[in-house]
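Residue-level listing of the chains:
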Protein chains: 4
Amino acid sequence: MSQERILLAYSGGLDTSCILKWLLEKGHEVICFMADVGQEEDFGAAREKALRIGATDVIVKDMKQQFVERFVWPALQMGLIYEDRYLLGTSLARPCISIGLVEAAAQRGCTIISHGATGKGNDQIRFELSCYALNPTIKVIAPWRLPEFCERFQGRTDLLEYAKKNNIPVSATTKAPWSMDANIMHISYESGLLEDPAIAAPEELYQMTQSPQKSAETPTTVEIIFKDGAAVRASELVSGKTMERPLDILTFLNKIGGEHGVGRIDLVENRFLGLKSRGVYETPGATILHVAHRDLEVYCLDREVFRVKSFLASKMADYVYNGFWYSPEAEYVRSCLVASQRNVTGKVVLEIFKGHAMAVSRESIKSVYNQELASMDVHGSLSPYAATGFIEVNAMRLKEHHRVFGSANMK
Amino acid sequence: MSQERILLAYSGGLDTSCILKWLLEKGHEVICFMADVGQEEDFGAAREKALRIGATDVIVKDMKQQFVERFVWPALQMGLIYEDRYLLGTSLARPCISIGLVEAAAQRGCTIISHGATGKGNDQIRFELSCYALNPTIKVIAPWRLPEFCERFQGRTDLLEYAKKNNIPVSATTKAPWSMDANIMHISYESGLLEDPAIAAPEELYQMTQSPQKSAETPTTVEIIFKDGAAVRASELVSGKTMERPLDILTFLNKIGGEHGVGRIDLVENRFLGLKSRGVYETPGATILHVAHRDLEVYCLDREVFRVKSFLASKMADYVYNGFWYSPEAEYVRSCLVASQRNVTGKVVLEIFKGHAMAVSRESIKSVYNQELASMDVHGSLSPYAATGFIEVNAMRLKEHHRVFGSANMK
Amino acid sequence: MSQERILLAYSGGLDTSCILKWLLEKGHEVICFMADVGQEEDFGAAREKALRIGATDVIVKDMKQQFVERFVWPALQMGLIYEDRYLLGTSLARPCISIGLVEAAAQRGCTIISHGATGKGNDQIRFELSCYALNPTIKVIAPWRLPEFCERFQGRTDLLEYAKKNNIPVSATTKAPWSMDANIMHISYESGLLEDPAIAAPEELYQMTQSPQKSAETPTTVEIIFKDGAAVRASELVSGKTMERPLDILTFLNKIGGEHGVGRIDLVENRFLGLKSRGVYETPGATILHVAHRDLEVYCLDREVFRVKSFLASKMADYVYNGFWYSPEAEYVRSCLVASQRNVTGKVVLEIFKGHAMAVSRESIKSVYNQELASMDVHGSLSPYAATGFIEVNAMRLKEHHRVFGSANMK
Amino acid sequence: MSQERILLAYSGGLDTSCILKWLLEKGHEVICFMADVGQEEDFGAAREKALRIGATDVIVKDMKQQFVERFVWPALQMGLIYEDRYLLGTSLARPCISIGLVEAAAQRGCTIISHGATGKGNDQIRFELSCYALNPTIKVIAPWRLPEFCERFQGRTDLLEYAKKNNIPVSATTKAPWSMDANIMHISYESGLLEDPAIAAPEELYQMTQSPQKSAETPTTVEIIFKDGAAVRASELVSGKTMERPLDILTFLNKIGGEHGVGRIDLVENRFLGLKSRGVYETPGATILHVAHRDLEVYCLDREVFRVKSFLASKMADYVYNGFWYSPEAEYVRSCLVASQRNVTGKVVLEIFKGHAMAVSRESIKSVYNQELASMDVHGSLSPYAATGFIEVNAMRLKEHHRVFGSANMK
């Protein structure tokens, strides 16, 4: 490639610092971009480091609000969960950061975007598909997939050596024996010792949540109000604290969930490339919101609408996990899912304690729940004789089947 | 109806005792049937009571093993869960009890089966569809759906009066302000004060599980071994206790789960008749097994097989909830689901504490998990350059879409 | 029931004439309602007959345009087809007629609607669910499900006798040995000799379509233009005739399709009640529109959107067939399906000949079809090397599977 | 790559002849492999041509029976159809040919398989995924994706020139302005003038089927017997000819279907790579079998089983189209689909005429079809009053919805 102005998704870590230097050595001009999506990071130090290595400029963009409002909230509203357990914290951050990258590239006249994601992970795909969807003419360079780069850097040792040779400062603290990716929604951990799915994650790994064993000894009660499937208020009953903006709600529930050890999961998942990987996640606030939303949703939605909606949400979770947040199918299915939430409006009360968030009560004026009808003590508006016909009709198909094929086997 | 020999599903409670008397008054001969599916019950006292009221005989059948092996185990193997949360404890017991009913009816020459389920619930449907599928010529009488019976008994007061008049003993203890249905898998609670979904279930309601607040202060670790998706061994690491038969495993895990407050849920669900009802469930052992199975399943199953299998399990959960355990579709889908579990073989370790069961490690020789391939530190067997082509191809569809319809919107 | 003012869905035939008389005998006041949805009918004669029997009034409402625009067009736009073959002509007419019934009932102060549909068919369900959804307080009386009525009228002979006794004129022409239901979209035939699925439908049964053997000897070419999935223009190339309003388009294509023998099907279908029934249908114009729409849809829609949309359409077809046109789920899924059609805009050319309509060409400015990209002769915008990576990644999962479980079996 | 013994999937055409020569020039030893899957081909001439160019050997393997029995028959039994219209003739042939390739490679000690499929089509994927699944250690070389090859051969002109220079005979007949792929199941046409979806395919393109206009003037009637979803006998009533082996049945029905112009389709489809392409297909015999099977299937299968089965078939069609015939998911779903066919046993009679095959009668002892139950004239085994309860229960959910959200809108 000829010499170009490149926008590099920079993390301040060893990999992207080496990539920065390497791109500079190739004769490119490099502007670094850091998205603040809520991770703990010394952005000032990272900026200085990049500039010292030779970056023309370093952009640090606060995307927390955008991330929460345009990605986390819709995902919770849609009820997205990947393979029954993963709330998609990293998958959601990638298209958000991609917006930052594409916008910054346009502003700074960069025709190329580069990143440090490796060739076996999901993130490369999420970044690149998002960038291409947002700007089909952009070029993306992934050094970890370039033969030249991979041959030069066979592993961490080569990077450390290269850093030393080029006066790139390397963190003095010992690298944790796993990697992590953090944002305001969650932290994910993988690699290193986690690569053996039989080894339990060590307690010291977790950073957002207390161990349930050490967490608060008293439960707390939280009340969450949803409008059209989106959380619009969260209150902790004991403290009386109330938050209303998405970013505030999430921060607030992260604190509560963290103190009570809520939202840890440890699993093996299927990556888009077709391999399985082990991940450990902590997602305190979003877990509380997900539990609350799921409770209210079944309460408010028509039974059949709920089934269709659930099918669509499982498709959407795959789209998002696989990097297709910006795609015709995600745009379409998202519009369908949002439409399903029109009446998911009401209040859920949850008890939070020792790693567990449990809905204990819910209210809604949009629910068809009918206490009189549900009551076993009142004959109510449904004639009890109606069920006789209903059962007779449903039994007919079974009886006909058994007429031809014999009765069901009692074993 | 003419005078017949009727088999009555008898519980020993007020309703079925009054039904027994009422059927006798109509001139029928009545044999009572009680299935022991693990509920706490003084079967001797109930038997005596029924005989005193006038039953020709009372059959008490121990169906615990049958229930666990033919219903609970397959359901856990299939991963059944209704509307994302309910493990179907009552729904599974109904077809099991129906076997007992149909067999006893055949043995005792009863042409009619009667039960005390009401006209707005699911159980009437589950009992009757199961009975009809097992013996299409049987007749079922549901007094709570007979005009004559309903007119005579408008509510509990009429039943109490009738009991008094007929010397039917009524339990001296005050009736709990809710109803419950128990078996070895779970207890479900509904009705009464639970009919208001905004009122949290009182702590004294729960009988199988300790409150997380009062539960054991030390976590325990459990190891469960699955073969072809079915649990074949459970061990508690600290005590070294190990169980291998389904009934023993479930009893054992019920005890552990109960002590640690695992398996409570409180929700509103959609009944088959089309109304919503509020239910509270405690399912300690089966919750642990479900969590373990789900963890191992994603670990062992191919990604695409898992998706198809998940779709089928959601259909099957509806079938079972709605009373179609014995139906062409359930028979078919069950065979497909069991086939999917062929390689779900291995071990899962769970930490159990304060209402929460969490998988922390898993092992299997049937998983395609490939540590080297998953490792971010090793280039491994997948050429990193392959992902470039993979992404380029996937991006093409998105680019083409945006060529025609414009780029994705950054908002 | 007390004496009420009843609105009777009247057909002019034997059944509803006897029902009319019977309701009058019961002391009710009866207003008859006939919806003109395009069936061949002497409405004047029917009106006179009803008045002579004793109806207070007879309403004949022209609902053809409403039927086509609000039911047939949306169904074709959504691509609804039941069990792969049936275009739902009768199922769509029922909710349309129900609107007429509910509106007329309101205008005339009728609190009860009555109809002549039998107790084993789908139509009773469609009528009643639609009426209840449109006006939950309306009452529906279905004499064919009333014990009193059924005991009096065991079959056709009883009806004929009753008619004779009451001076109800009976058509002199011999009744065809099947029943039919006609509207502007289709005619359906069932019952009588068609009840044996092994007996082929006789040629004289068909009324809208020529036998392919006797149909026109020259093909004709039709061009249909769709906007957002709805047909907005149809032209026959040879005659130059062009139609633009839905009702005109359908009438026009019925004529062409009829002359060319298009749209006959003969099948066994699953009724909502759980039994199977044999139906023969002729649907000339709508078949042409369906074939054209399906062709354009795959041309215009994104691959993944098409898959989701197809799943939703199969759900919707079941809803409509089962009588749930007016239901929360149908309202929801319909909104999703309509949203999917936003870009199904373009032109399809079909050749019509001897029972067959075949799309032979299509054009759209909303398709992502890219001739250069598709061309096998041009390397084009997709690097040929990209596919190598794409295949390598896809192969990895298969290889991993076979690493653990052995290679695929060549048998 | 070093010099190896390569097995080349050879067609006798210009592309693979040039590839053969080019591989030889690279110093490899090349054995050619031709699978006879029923295409019209002068295998002797092709063999001679390859040997003259320099192939070490040419293997011509008759795979017709294997293709029909192991691929076509299961596909028809499963009811596979891609995007509602395409019966997958080419998709099915690829894994079959791959078996031939992998077996021949093993027998002849070839470590590499090469083919002439281009970089934008589906066939490269189908060949390679099949080969890798059958033998994960095999290497596949696709010259049309090798930079060196693509640079040398920019298009057809370069190939022609290379052929001339190397004395590779080129067919004297003018190349048709489209490409075709033929086997005993179908011929597919694409490329060239077909690349414009607005241009109708010219009549002279079709080779297996007569134009409906010129096809036989008298319909013929065919009777097909299925056992467990697979065709086991086909008879033409007028001639009395009967076939029983799959290959014979297909050949026989190809002849009948061809004479009557059955099985042409013209469409745009979505390729696995994400682009759309236009294809024209003629599939006479398999179309007749598909129509017959579909008819019998709804007749025999339980309603709910049919729905699940249809969902699975749509997944399987995608797997097969995309090249995953040999994959965990296809193996799994195929086993489910085959299980669904256990009772699809019976006879279908079709009328075949002028491009159209229509089922007109069917018989089965495995159908639950119940003439008495279906009859509108007999009250039969379903109490007509049962439907009242059935409707009341179904209406309740709708009424409840409308109680909260207002009645359905009449518009």
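Residues numbered from 1 in each chain as written. Chains lettered and ligands numbered in written order. Predicted model: local features only at pLDDT ≥ 70, side-chain atom pairs only at ≥ 80, totals over all residues. Heavy atoms only, no water.

Bringing the overall build of chain A into the picture now. Secondary structure assignment for chain A yields 13 helices and 14 strands. Taken over the C-alpha atoms alone, chain A extends approximately 85 × 55 × 45 Å along its principal axes. Counting only residues that meet the buried cut, chain A has 64% of its 411 residues in that class. Taking as baseline every contact in chain A between residues at least 6 positions apart, the subset at least 24 positions apart corresponds to 70%. Per element, the accessible surface of chain A, about 14,100 Å² overall, is 50% carbon and sulfur. Of the charged side chains in chain A, 46 are positive and 50 negative, and the gap between their average positions amounts to 2 Å. (Helix = DSSP H or I, 4+ residues; strand = E, 2+ residues; numbered from the N terminus. Buried < 20%, exposed > 50% of the residue type's maximum accessible area, 1.4 Å probe, protein only. Contact = heavy atoms within 4.5 Å. Areas by Shrake-Rupley, 256 points an atom, 1.4 Å probe, with all protein chains shown as cover. Lys, Arg positive; Asp, Glu negative; His and termini not counted. Charge placed at Lys NZ, Arg CZ, Asp CG, Glu CD.)

Residue and element names in this part refer to chain C. Where helix 3 (residues 64-78) contacts helix 9 (residues 284-300), the two axes come as close as 9 Å, and the packing angle between them is 35 degrees. In terms of crossing hand, the pair formed by helix 3 and helix 9 is right-handed. Contacts between helix 3 and helix 9 pair Trp73, Leu76 and Gln77 from the former with Ala286, Leu289, His290 and His293 from the latter. (Axes fitted to C-alpha atoms, helices over the stretch in contact; angles between N-to-C directions. Left-handed = near helix turned anticlockwise from the far one by under 90°.)

What follows is about the sheet that holds strand 12 (residues 276-282) of chain D. All names here are of chain D. Ordered by their spatial adjacency, four strands build an open sheet running 6-7-12-11, and the pairing between neighbours is antiparallel. Two strands close off the open sheet at either side, each with one partner strand: strand 6 (179-182) and strand 11 (264-270). Sheet twist, expressed as the average angle between the axes of neighbouring strands with direction ignored, equals 25 degrees. As defined by bridge partners, strand 11 adjoins strand 12 across seven bridges and the pair is classed as antiparallel. Within strand 12, the residue paired with Val268 across the bridge is Arg278. (Pairing = 2+ DSSP bridges.)

The next thing to look at is the UniProt feature "domain: Arginosuccinate synthase-like N-terminal" (unreviewed entry) in chain A. Summarizing the sequence annotation, UniProt attributes the feature "domain: Arginosuccinate synthase-like N-terminal" (unreviewed entry) to residues 5-169 of chain A in the numbering used throughout. With 52% helix and 15% strand, residues 5-169 of chain A has end C-alpha atoms that lie 24 Å from one another. (UniProt positions renumbered as here; feature names shortened; annotations may be inferred.)

Here we come to the interface of chain D and chain C. Between chain D and chain C, the contact holds 117 residues from the first and 116 residues from the second. For the pairing of chain D and chain C, the buried interface totals around 10,100 Å² over both sides, and the portion due to carbon and sulfur atoms is 61%. Linking chain D with chain C are ten salt bridges. Taking the shortest distance from any N to any O, the salt bridge between Arg397 of chain C and Glu329 of chain D comes out at 2.7 Å. Our count for the contact surface shared by chain D and chain C stands at 37 residue pairs in polar contact (both at pLDDT 80 or more). Here the element with the most residues in the side of chain D that touches chain C is helix 13 (residues 386-405) of chain D; it accounts for eleven residues. In terms of residue class, the side of chain D that touches chain C is made up of 57 nonpolar, 25 polar and 35 charged. (Buried area = accessible area lost by both parts, 1.4 Å probe. Salt bridge = Lys/Arg side-chain N within 4 Å of Asp/Glu carboxyl O. Polar contact = N/O pair within 3.5 Å; in protein donor to acceptor, adjacent residues only side chain to side chain. Nonpolar A, V, L, I, M, F, W, Y, C, P; charged D, E, K, R; others polar.)

With that settled, consider the sheet that holds strand 9 (residues 230-236) of chain C. Two strands in a sheet stick together by hydrogen bonds in their backbones, pointing the same way (parallel) or opposite ways (antiparallel). Residues and elements named next belong to chain C. With antiparallel pairing, the five strands of this open sheet are ordered in space as 10-9-8-13-14. The open sheet has two edge strands with one neighbour each: strand 10 (242-243) and strand 14 (356-363). The pairing of strand 9 with strand 10 spans two bridges and is antiparallel. Across the sheet, the residue bridging to Ser235 is Thr242, located in strand 10. Packed onto the sheet, helix 9 meets strand 8 (220-227), strand 9, strand 13 (346-353) and strand 14 and runs at close to 140 degrees relative to strand 13.

Another aspect to go through is the relation of the copies chain D and chain C. The operation relating the two chain copies consists of a rotation about an axis and a shift along that axis. With an RMSD of 0.0 Å, the fit of chain D onto chain C corresponds to turning through 180 degrees and sliding 0.0 Å along the axis. As the rotation angle and translation indicate, the two copies are arranged about a two-fold axis. The residues that chain D uses at the interface reappear at the interface of chain C in 99% of cases, marking a shared surface. (Least-squares fit on C-alpha atoms with pLDDT ≥ 70 in both.)

On to the interface of chain A and chain D. Contacts between the two partners involve 29 residues from chain A, matched on the other side by 29 residues from chain D. Interface area, chain A with chain D, both sides summed: about 2,300 Å², of which 65% is carbon and sulfur. At the surface where chain A touches chain D, the tally comes to two salt bridges. We note a salt bridge from Asp302 of chain D to Arg397 of chain A, for which the minimum N-O separation is 2.7 Å. At the boundary of chain A with chain D, the tally comes to eight residue pairs in polar contact (both at pLDDT 80 or more). Elements supplying a minimum of two residues to the side of chain A that touches chain D: helix 10 (303-321) and helix 13 (386-405) of chain A.

Attention shifts here to the pairing of strand 11 (residues 264-270) of chain C. Burial of strand 11 of chain C is extensive: six of the seven residues sit out of reach of the surface. Connecting strand 11 of chain C to the antiparallel partner strand 12 (residues 276-282) of chain C that follows it, the hairpin turn spans five residues, and Gly274 of chain C within it adopts a positive phi of roughly 110 degrees.

As a further point, take the packing of aromatic side chains. Inspection of the entire model under this criterion finds 56 aromatic pairs over all chains. Geometrically, the ring pair formed by Phe71 of chain A and Trp325 of chain A is tilted, given 5.0 Å between the ring centres and 40 degrees between the ring planes. Within this pair, whereas Phe71 of chain A is found in helix 3 (residues 64-78), its partner Trp325 of chain A is found in the loop between helix 10 and helix 11 (328-340), the two being separated by 254 residues in sequence. Grouping residues by exposure puts Phe71 of chain A and Trp325 of chain A together as buried. Chaining the aromatic ring pairs together yields one cluster made of Phe272 and Phe324 of chain A, Phe390 of chain B, Phe390 of chain C together with Phe272 and Phe324 of chain D. Here Lys399 of chain A stacks its cationic end above the ring of Tyr132 of chain B, 4.3 Å away from the centre of that ring. (Phe/Tyr/Trp six-rings, centres within 6.5 Å; stacked < 30°, edge-to-face > 60°. Lys NZ or Arg CZ within 6 Å of the ring centre and 35° of its normal.)

As a further point, take the packing of helix 3 (residues 64-78) of chain B against helix 8 (residues 246-259) of chain B. Residue and element names in this part refer to chain B. Between helix 3 and helix 8, the least distance of the axes is 9 Å, while the angle of their chain directions is 85 degrees. The orientation of helix 3 with respect to helix 8, classified from their angle, is roughly perpendicular. Contacts from Lys64, Gln65, Val68, Glu69, Val72 and Trp73 in helix 3 reach Pro246, Leu247, Ile249 and Leu250 in helix 8. For the contact of helix 3 with helix 8, the class distribution of residues is seven nonpolar, one polar and two charged. (Parallel < 35°, antiparallel > 145°, perpendicular 65-115°, else oblique.)

Let us look at helix 13 (residues 384-405) of chain C. Residues and elements named next belong to chain C. Here helix 13 is 22 residues long and its end C-alpha atoms lie 32 Å apart, about the 32 Å a rise of 1.5 Å per residue gives. Along its length, helix 13 shows its largest kink, about 30 degrees, at Met396. Of the residues one or two after helix 13, Gly406 is the one with positive phi, at around 90 degrees. (Expected span 1.5 Å × (residues − 1). Bend = angle between axes of the 7 residues up to and from the residue.)

Okay, the pattern of salt bridges next. Inspection of the entire model under this criterion finds 132 salt bridges over all chains. As a salt-bridge pair, Arg126 of chain D and Asp123 of chain D come within 2.8 Å of each other at their nearest N and O atoms. Of this pair, Arg126 of chain D and Asp123 of chain D both sit in helix 5 (residues 123-134), three residues apart, which is roughly one turn of the helix. Accessibility classification places Arg126 of chain D together with Asp123 of chain D in one group, the buried group. Notably, a salt bridge pairs Glu128 of chain D with Arg145 of chain D, separated by 2.8 Å at the nearest N-O pair. Here Glu128 of chain D is found in helix 5, whereas its partner Arg145 of chain D is found in the loop between strand 5 (139-141) and helix 6 (147-152), with 17 residues between them in sequence. By relative accessible area, Arg145 of chain D is classed as buried at 5%. Three or more residues are tied together by salt bridges with common partners; here these are Arg85, Asp266 and Arg278 of chain A together with Asp295 and Arg362 of chain B.

Another aspect to go through is the nonpolar core. One broad trend across soluble globular proteins is that nonpolar side chains are buried collectively. Core analysis: the biggest nonpolar cluster contains 436 residues, and Ile224 of chain A, Ile224 of chain B, Ile224 of chain C together with Ile224 of chain D have the highest contact counts within it. With residues near it in sequence (within four places) discarded, Ile224 of chain C still touches Ala231, Arg233, Ala234, Leu253, Ile288, Leu289, Ala292, Gly346, Lys347, Val348 and Leu350 of chain C. Leu24, Ala46, Val58 and Ala163 of chain B belong to the second-largest nonpolar core, a separate cluster that totals 29 residues. (Core = buried A, V, L, I, M, F, W, Y, C linked by side-chain atoms within 4.5 Å.)

In this structure the tally under the stated criterion is zero disulfides over all chains. The cysteine Cys150 of chain C is free of any disulfide, with Cys18 of chain C supplying the nearest cysteine sulfur at 13 Å. (Disulfide = S-S within 2.5 Å.)

Right, let's talk about unusual backbone geometry for a bit. One non-glycine residue, Ser191 of chain A, lies in the positive phi region at around 70 degrees. Tracing the backbone shows Ser191 of chain A in the loop between strand 7 (187-190) and strand 8 (220-227). The phi angle at Lys354 of chain B is positive, at roughly 50 degrees, despite the residue not being glycine. Note on placement: Lys354 of chain B falls in the loop between strand 13 (346-353) and strand 14 (356-363). Note on Lys354 of chain B: relative accessible area 1%, which makes it buried.

This paragraph deals with the environment of Ser215 of chain C. Residue and element names in this part refer to chain C. One can find Ser215 in the loop between strand 7 (187-190) and strand 8. Once the C-alpha coordinates of Ser215 and Val404 are considered, the two residues, 189 residues apart in sequence, prove to be 61 Å apart. For Ser215, the residues in contact, after removing those within four places along its chain, are Gln210, Glu259, His260, Gly261 and Lys354. From its side chain, Ser215 meets the backbone oxygen of Pro212 in a polar contact 2.9 Å long.

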